[in-house]
Amino acid sequence: MREKRLAGKWNLKMYIGLISDTHGVFDEQFSGFFEPVDVIWHCGDFGGGEQFVRQIEAVKPVVGVCGNCDGQEIRYRFPGHQLLEIQGLKLLMTHIAGSPDHYYPRALALIDAYKPDILLCGHSHILKVMYDKQMNLMYINPGAAGLQGWQVERTALRFKIEDGSLKDMEVLRVPRQQGNAF
């Protein structure tokens, strides 16, 4: 698995769609929700190969990291973590991080090394957005968009980065029993 890659450093406003744990499912509810965004960020466990990534890219460009369930095609294309910088905000994206007060050792090492303003992760299938005072960062996990796992609802986020801060965060909630893959 490849490690860190600086995916980009941008000074412009961005409208971002955030998704994780699709496990091979990306349907109309999610493509419609992401229609107005500039880019889709995927926090790992795509659950399909290159063809599946192309389905998501048919909606918007994709920046992402590989997850523990992803195969070689995804691991070759997407690194284990990425550091992004937008309008002076440092964003660290990884798949497995744990959560505030319960970070995994690898995630703690990345946080210590990069001192991000925002940590983006997946893996838990639990939607959680909160400020971590101890680590001085915003923790964002969009939950799971796919059907695999125990989650009751499928979720995704979209938000803007403007004037050096997060703005206008919205949540998509889809009952688990709804959804047809493309």
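Computed from a predicted model, the values in this text were never measured in an experiment. Within each chain, residues carry numbers counting from 1 in the order of the written sequence. Where local features are concerned, this predicted model is filtered to residues with pLDDT of at least 70; where side-chain atom pairs are given and counted, the filter is 80 or more; whole-chain, interface and lining totals use all residues. Values reported for side chains reflect all heavy atoms of the structure, with hydrogen atoms and water molecules removed beforehand.

## Section: the side chain of Gln-151
So the rule is basically this: Runs of H or I in DSSP of at least four residues are treated as helices and runs of E of at least two as strands, each being numbered from the N terminus. Relative accessibility thresholds used throughout: buried, under 20% of the residue-type maximum; exposed, over 50%; partly exposed, between the two (1.4 Å probe, protein chains only). Polar contacts, as used here, are pairs of N or O atoms within 3.5 Å; protein pairs need one atom able to donate a hydrogen and one able to accept it. Residues neighboring in sequence count only if both atoms are side-chain atoms. Contacts are assigned to residue pairs with any non-hydrogen atoms lying within 4.5 Å of each other.
As for its position among the elements, Gln-151 is in the loop between β11 (137-142) and β12 (153-162). Relative accessible area serves as the criterion here: at 3%, Gln-151 is assigned to the buried category. One polar contact links the side chain of Gln-151 to the main-chain carbonyl oxygen of Gln-148, over a distance of 3.2 Å. Residues contacting Gln-151, with those up to four places away along its chain left out, are His-125, Ala-144, Gly-146 and Arg-176.

## Points about the pairing of strand β5 (residues 81-86)
For clarity, the cut-off: Two strands are counted as paired when DSSP detects at least two bridges linking them.
Counting buried positions along β5 yields five of six residues, so the element is predominantly enclosed. As paired elements, β5 and strand β6 (residues 89-94) share six bridges and run antiparallel to each other. Across the sheet, the residue bridging to Leu-83 is Leu-92, located in β6. Once β5 ends, the chain turns through two residues before running back antiparallel as β6, passing Gln-87 with a positive phi of about 50 degrees.

## A closer look at the state of the cysteines
Inclusion rule: Sulfur atoms of two cysteines make up a disulfide when they are within 2.5 Å.
Inspection of the entire model under this criterion finds zero disulfides. With no disulfide of its own, Cys-66 lies closest to Cys-69 among cysteine sulfurs, the gap being 11 Å.

## Considering the confidence of the model for the protein chain
Short version of the rule: Residue-level confidence of the predictor, termed pLDDT, takes values from 0 up to 100.
Per-residue confidence for the protein chain gives a mean pLDDT of 91; residues scoring 70 or more make up 91%. Taken together, the stretch residues 1-6 has pLDDT below 50 and engages in 21 contacts with residues farther than four places along the chain or on a different chain.

## Some details on the environment of Tyr-131
You can see Tyr-131 is positioned in strand β10 (residues 127-132). What makes Tyr-131 partly exposed here is its relative accessible area of 41%. Along the sequence, Tyr-131 and Phe-34 sit 97 residues apart, while their C-alpha atoms lie 24 Å from each other. With residues near it in sequence (within four places) discarded, Tyr-131 still touches Asn-136, Leu-137 and Met-138. Polar contacts involving the side chain of Tyr-131 include one to the side chain of Asn-136, which spans 2.2 Å.

## A closer look at the pattern of salt bridges
The test is simple: What counts as a salt bridge is simple: a side-chain nitrogen of Lys or Arg found within 4 Å of a carboxyl oxygen of Asp or Glu.
By the definition in use, this model includes eight salt bridges. The salt bridge partner of Glu-50 is Arg-77, with a shortest N-O separation of 2.6 Å. Here Arg-77 lies in helix α3 (residues 72-77) and Glu-50 lies in helix α2 (residues 50-57), a separation of 27 residues in the sequence. Residue classification places Arg-77 among the partly exposed positions, given a relative accessible area of 24%. One salt bridge connects Lys-167 with Asp-163, and the closest N-O pair in it is separated by 3.2 Å. Take Lys-167: its relative accessible area is 27%, and that puts it in the partly exposed class. A single network of salt bridges, built from pairs that share partners, joins Glu-50, Arg-54, Glu-57 and Arg-77.

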